[in-house]
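# Structural description and commentary
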Amino acid sequence: MTDPSSALHAAPVMPPPSTEHLPPEPPAEVMGVSALLTELAEAWPAERITIADLVAAFGPRGYGLLMFVFALPNMIPAVPGISSLLGLPLTIIAWQMAVGRPIPWLPARLARQSLSTAQLRVIANRAAPWMAKVERYLKPRPGWITTAIGERLIGVASLILAIPVLLPGPGTNGPPSWAIGLMALGFLQRDRFTIYAGLAWGVVAMGIGAAGLYAAWWITVELWNWAVGGLLGLF
């Protein structure tokens, strides 16, 4: 009769799933965000990476990293066309953070949108210098804004700021994205002062965005009136 314990020890052990192409766990330093993006772009086996891939890579590590990644292209307009690609995911992620959803989720059609790994490398490389400067001022300074309640407040503020990013107009992309990026970095580092700075800049950014939209509307109306007046003058 076979000894059950010997059969148990003789059973083959399944190897752990491969993590060859997964990015490493992010370090505590803010520079790790840029390093993580660069590592992901360098190690990714395909020429393109989908938004779903980014969510899968960063999602379990918290909303802060995803918010920063999606806001980054508007903070440093390095690659044309990327801003519109990531604007809607930024809005959806902010909404889920505001309502307290534990795991980020995106619609399948949106999640299939992609950018090239070369574009991702450009974004990461251009972000690295100024992120190194920001890193010197960031450190853990917890407060009520870094708690679960504060996380939802950051989500609400980011959602309000993400809406202008979807709208075409001067000042509607960069300033709100910088506010979201600052709040995301502060949340990642549990630095309440950086979060407060992001909230304060968010108020200014909304004013800039509103002025930009008004200017765009005014110019559009004036051009329309000029065009209509010119056509009527022909008759």
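The preceding data block contains the structure.
In this numbering scheme, every chain counts its residues from 1 along its sequence in written order. Only residues with pLDDT of 70 or above have their local features reported here, since the model is predicted, and side-chain atom pairs are shown and tallied only from 80 upward, although totals for entire chains, interfaces and linings are computed over all residues. Here the side-chain values reflect all heavy atoms present in the structure, with hydrogen atoms and water set aside.

### Let's talk about helix H7 (residues 117–135)
How we decide: Numbered from the N terminus, helices here are DSSP runs of H or I no shorter than four residues, and strands are runs of E no shorter than two. Here the expected span of a helix is defined as 1.5 Å times the quantity of residues minus one. The reported bend at a residue is simply the angle between two axes, fitted to the 7 residues ending at it and to the 7 residues beginning with it. Whether a residue is buried, partly exposed or exposed follows from its accessible area with a 1.4 Å probe, protein chains only, as a fraction of its type maximum: under 20%, in between, or over 50%, in that order.
Taking 1.5 Å of rise per residue, the 19 residues of H7 would be expected to cover 27 Å, and the 25 Å separating its terminal C-alpha atoms lies within 8% of that figure. Residue alanine 128 marks the point of greatest curvature in H7, where the axis turns by about 40 degrees; the proline proline 129 follows within four residues. When we look at burial in H7, the residues that qualify are Thr117, Leu120, Ile123, Ala124, Ala127, Ala128, Trp130 and Met131.

### Some points on the nonpolar core
Applied cut-off: Joining through side-chain atoms within 4.5 Å is the link that ties buried Ala, Val, Leu, Ile, Met, Phe, Trp, Tyr and Cys residues into a set, and such a set is a nonpolar core. Note on contacts: a residue pair is in contact if any heavy atoms of the two residues lie within 4.5 Å.
Membership of the largest hydrophobic core comes to 49 residues, with the highest contact counts inside it found for Met67, Phe68, Phe70, Leu72, Leu106 and Trp130. Ranked by residue count, the leading element in this core is helix H4 (residues 63–75), at 10 residues. Dropping the residues within four chain positions of it, leucine 106 is found in contact with Ile51, Val55, Pro89, Ile92, Ile93 and Ala111.

### Side note on the pattern of salt bridges
Formally: When a carboxyl oxygen of Asp or Glu lies within 4 Å of a side-chain nitrogen of Lys or Arg, that pair is called a salt bridge.
One pass over the full model with this rule turns up one salt bridge. One salt bridge in this structure joins aspartate 191 and arginine 141, with 2.7 Å as the shortest N-O distance. Taken together, the residues span a long stretch of sequence, with aspartate 191 in the loop between helix H9 (174–189) and helix H10 (192–232) and arginine 141 in the loop between H7 and helix H8 (148–165) at a distance of 50 residues.

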